[in-house]
Amino acid sequence: MGVLLKIKRYLHVPHPHIPHPHIPHPHIPHPHIPHPHIPRPHGYLPHLLDQYIHSKWAHYIFQCGLATVSLIFILLIGDTLLRTAIVVGVASSAFTIFVVPDSVAATPRKVIGGHFVAAIIGVAIVGFLHLMGVEGYSNGSRYVVDIAAALSVGIGILLMVVTNTEHPPAAGTSLGLIIHTFDWTSVVFILCSVILLSLIRLFLRRRMINLL
């Protein structure tokens, strides 16, 4: 027995000790993200007036003048002062184009596409009302027209989002076509107006900046 133990001890080969290599974790410094510099208001009445008015006054006058001249031309040609909702929609588009020309809402796809979608919805709902015998704000049909006008805005918003033509002022297009007496002249007026505004932005884009 003792001989067997000696042979076993003689034949035993111990496993070599292989230390695990020490791999230090790389030091990854956290990136330094500076806080955006927000300039303090300055000038006269800093909390009432835009702080950049002293350096960008030429753009203010130029772009606001463009909006004024464009709307004068549109209103004189269209003679649509009685169609308040439609005029407000076009005027709101002019504000978007000439005040924030760099915004997504001022691009031709949004401006023209949004009003085009709203016009289609307005025409479709007006046609449906005519089939039902509803003609404007007559006795007993006021609530039907109001509900139809609200539906036109909701459906128009949905289709604008789906077709990527979101343009908030276009809501007034479908609203105006339903509330006021419908005629195709209004549709042509809306589309021609927004096309004209988009063309002005396209040709004068390099001379315009965001005023907000």
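Residues numbered from 1 in each chain as written. Predicted model: local features only at pLDDT ≥ 70, side-chain atom pairs only at ≥ 80, totals over all residues. Heavy atoms only, no water.

1. Describing the pattern of salt bridges
Using the criterion set out here, one finds 2 salt bridges in the structure. In this structure, the salt-bridge partner of aspartate 102 is arginine 205, at a minimum N-O distance of 1.4 Å. Of this pair, aspartate 102 sits in the loop between α3 (84-99) and α4 (108-131) while arginine 205 sits in the segment after α7 (184-204), and the two are 103 residues apart along the sequence. Residue classification places aspartate 102 among the partly exposed residues on the basis of a relative accessible area of 43%. Given the relative accessible area of 24%, arginine 205 is considered partly exposed. Residue lysine 110 pairs with glutamate 166 through a salt bridge whose shortest N-O separation is 2.6 Å. Of the two residues, lysine 110 is situated in helix α4 and glutamate 166 in the loop between α5 (142-162) and α6 (171-179); the sequence distance between them amounts to 56 residues. The exposure class assigned to lysine 110 is buried, which follows from its relative accessible area of 7%. In this structure glutamate 166 comes out as partly exposed when scored by relative accessible area, which is 30%. (Salt bridge = Lys/Arg side-chain N within 4 Å of Asp/Glu carboxyl O. Helix = DSSP H or I, 4+ residues; strand = E, 2+ residues; numbered from the N terminus. Buried < 20%, exposed > 50% of the residue type's maximum accessible area, 1.4 Å probe, protein only.)

2. Here we look at the nonpolar core
Val90, Ile97, Phe98, Leu177, Phe189 and Leu197 are the most contacted members of the largest nonpolar core, which has 20 residues in total. Among the secondary structure elements, those contributing two or more residues to this core are α2 (53-78), α3, α4 and α7. By residue number, the principal contributor to this core is α7, which donates 6 residues. Apart from residues lying up to four places away in sequence, phenylalanine 98 is in contact with Gln63, Leu66, Ala67, Ser70, Leu197, Ile200, Met208 and Leu211. In terms of nonpolar packing, the next biggest core, distinct from the first, is built from 13 residues, Ala118, Ala148, Met160 and Ala170 among them. (Core = buried A, V, L, I, M, F, W, Y, C linked by side-chain atoms within 4.5 Å. Contact = heavy atoms within 4.5 Å.)

3. Overview of the packing of α4 against α6
Contact geometry for α4 and α6: axes closest at 7 Å, N-to-C directions at 25°. Taken together, the axes of α4 and α6 lie roughly parallel to each other. The way α4 lies across α6 gives a crossing that is right-handed. Residues His115, Ala118, Ala119, Gly122, Ile125, Val126 and Leu129 of α4 pack against Thr173, Ser174, Leu177 and Ile178 of α6. Across the contact of α4 with α6, the residue classes break down as 7 nonpolar, 4 polar and no charged. (Axes fitted to C-alpha atoms, helices over the stretch in contact; angles between N-to-C directions. Parallel < 35°, antiparallel > 145°, perpendicular 65-115°, else oblique. Left-handed = near helix turned anticlockwise from the far one by under 90°. Nonpolar A, V, L, I, M, F, W, Y, C, P; charged D, E, K, R; others polar.)

4. So, a nonpolar patch on the surface
Together, Ile147, Leu151, Ile155 and Leu159 give the surface a local cluster of nonpolar side chains, amounting to about 340 Å² of exposed area. Here isoleucine 147 shows up in helix α5. (Patch = residues over 30% accessible without salt bridge, like charges linked within 9 Å, V, L, I, M, F, W, Y side chains within 5 Å. Areas by Shrake-Rupley, 256 points an atom, 1.4 Å probe, with all protein chains shown as cover.)

5. Focus on α4
The end-to-end C-alpha distance of α4 is 34 Å, a good match for the 34 Å that 24 residues give at a rise of 1.5 Å each. Note on α4: the residue one or two positions beyond its end, glycine 133, has a positive phi of about 85°. (Expected span 1.5 Å × (residues − 1).)

6. Considering the side chain of threonine 173
With respect to the secondary-structure elements, threonine 173 resides in helix α6. You can call threonine 173 buried: its relative accessible area is 1%. Those residues in contact with threonine 173 that lie beyond four places of it in its chain are His115, Ala118, Ala119 and Ile190.

7. Some points on the packing of α4 against α5
The contact between α4 and α5 brings their axes to 9 Å, and the two run at 145°. α5 is crossed by α4, and the crossing has right-handed handedness. Contacts between α4 and α5 involve Gly114, Val117, Ala118, Ile121, Ile125 and Leu129 from the former and Val144, Ala148, Leu151, Ser152, Ile155, Gly156, Leu159 and Met160 from the latter. Residues of the contact of α4 with α5, tallied by class, amount to 11 nonpolar, 3 polar and no charged.

8. Overview of the confidence of the model for the protein
Low-pLDDT stretches of the model should not have their predicted coordinates read in fine detail. Of the residues in the protein, 71% reach a pLDDT of 70 or more, and the chain-wide mean stands at 79. The lowest-confidence element of the protein is helix α1 (residues 2-11), averaging 58 in pLDDT; the highest-confidence one is α4, averaging 92. (pLDDT = per-residue confidence, 0-100.)

9. Quick notes on unusual backbone geometry
One non-glycine residue, asparagine 164, lies in positive phi territory at about 60°. You can call asparagine 164 partly exposed: its relative accessible area is 38%.

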